[in-house]
Every structure is written in structure tokens, then in C-alpha cells.
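Residues per chain are reported as follows:
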Amino acid sequence: MWIGVSDVHKKHPLIKKNDKVIVQTGKEKGKIGTVLKVNTEKGQGIVEKINIVKRHTRPGRQTSQGGIVEKESPIRLSNLMLVCSKCAEPTRIGRRLVEDGSKVRVCKKCGELID
Ligand SMILES: [Zn+2]
């Protein structure tokens, strides 16, 4: 049973590792990916196949020729929106306080638990 509902401050989108997110702004807008890493201090995260940067590598001992390595670069968490696994819609995250005092994340669209 829920005993309270509160909105999440915009600075803390509460995105976590393994969440499915959609990019809201920038050149990757509309793309959906899975969160691989979150850095809450920087407010950034790494999302699979999003914000790919190409890095040139030099020829090394193992590889006979240099090449281009594609790697995800961090994206601001505030540019991401969670995609609810239940209703499959991009949604804002709500927080609910449960009886034992802990907070859980909920989908603001369908009300389902995200955690
Ligand atoms: Zn939902």
C-alpha cells in the first residue's frame, strides 16, 4: 500500500543501469537504447549504441593495421527519458514511498513499478 507520492526533481531523472531510455534532444533524438553505465555525480550515462564516437587506432602488434573503433560516449541523463517496460511509452518517473520507508520508482503513465 502506498502512503505517499512525490515528483522527481528534474536534475535527478533517476535513470539506472539496464533501463531502457529514449533520447529527447540532440542528434540522437528519438533513439532508444539500454543504459550501460550511470555517473550520477556528473549527471551522465552511457547508453548502448547512442552517441557513438569513432576513434582511430594505430597499428599495433596484434593488429596489422590501424582502424576505427566505435565507442559510446556519455550523454546527459537529463536528455534521456525512461521507456516503461509495461506500457512501452516514454514516461516520467514518479517516486512512491512505501510502508517500510523506502522509495520505489513508478511509471507516471501506467503507474506500474519500475524497480
Ligand atoms: Zn508504464
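Here's what I pulled together on the structure shown here.

Cut-offs applied
- Residues numbered from 1 in each chain as written.
- Predicted model: local features only at pLDDT ≥ 70, side-chain atom pairs only at ≥ 80, totals over all residues.
- Helix = DSSP H or I, 4+ residues; strand = E, 2+ residues; numbered from the N terminus.
- Contact = placed C-beta atoms within 7 Å.
- Buried ≥ 20, exposed ≤ 12 C-beta atoms within 10 Å, placed from the backbone.
- Pairing = 2+ DSSP bridges.

Attention now moves to the environment of Gly43. Here Gly43 shows up in the loop between β3 (32-39) and β4 (44-47). Along the primary structure Gly43 and Arg76 are separated by 33 residues, whereas in three dimensions their C-alpha atoms are 5.9 Å apart. Dropping the residues within four chain positions of it, Gly43 is found in contact with Arg76, Leu77 and Ser78.

Turning our eyes to something else, we now look at the pairing of β4. Here β4 shows a buried face lined by Gly45 and Val47 and an unburied face lined by Gln44 and Ile46. Where β3 lies against β4, four bridges are found, and the strand directions are antiparallel. Looking at β4, one finds that Lys37 is bridged to Ile46. Following β3, the chain reverses through four residues before pairing antiparallel with β4; Gly43 in that reversal takes a positive phi of roughly 70°. Bridge analysis of β4 against strand β7 (residues 75-76) gives two bridges, and the strand direction is antiparallel. Paired with Gln44 across the bridge in β7 is Arg76.

Tracing the backbone shows Glu112 in the segment after β11 (103-107). Classification of Glu112 as partly exposed rests on a count of 13 C-beta atoms within 10 Å. Each C-alpha atom of the pair Glu112 and Cys84 lies 8.5 Å from the other, and the pair is 28 residues apart in sequence. For Glu112, the residues in contact, after removing those within four places along its chain, are Cys84, Lys86, Val106 and Cys107.

A positive phi angle, near 75°, is found at Asn18, a position not held by glycine. Mapped onto the fold, Asn18 is located in the loop between β1 (2-6) and β2 (20-23). What makes Asn18 exposed here is the crowd of 8 C-beta atoms within 10 Å. Although it is not a glycine, Asn51 sits at a positive phi angle of roughly 60°. Along the chain, Asn51 turns up in the loop between β4 and β5 (52-57).

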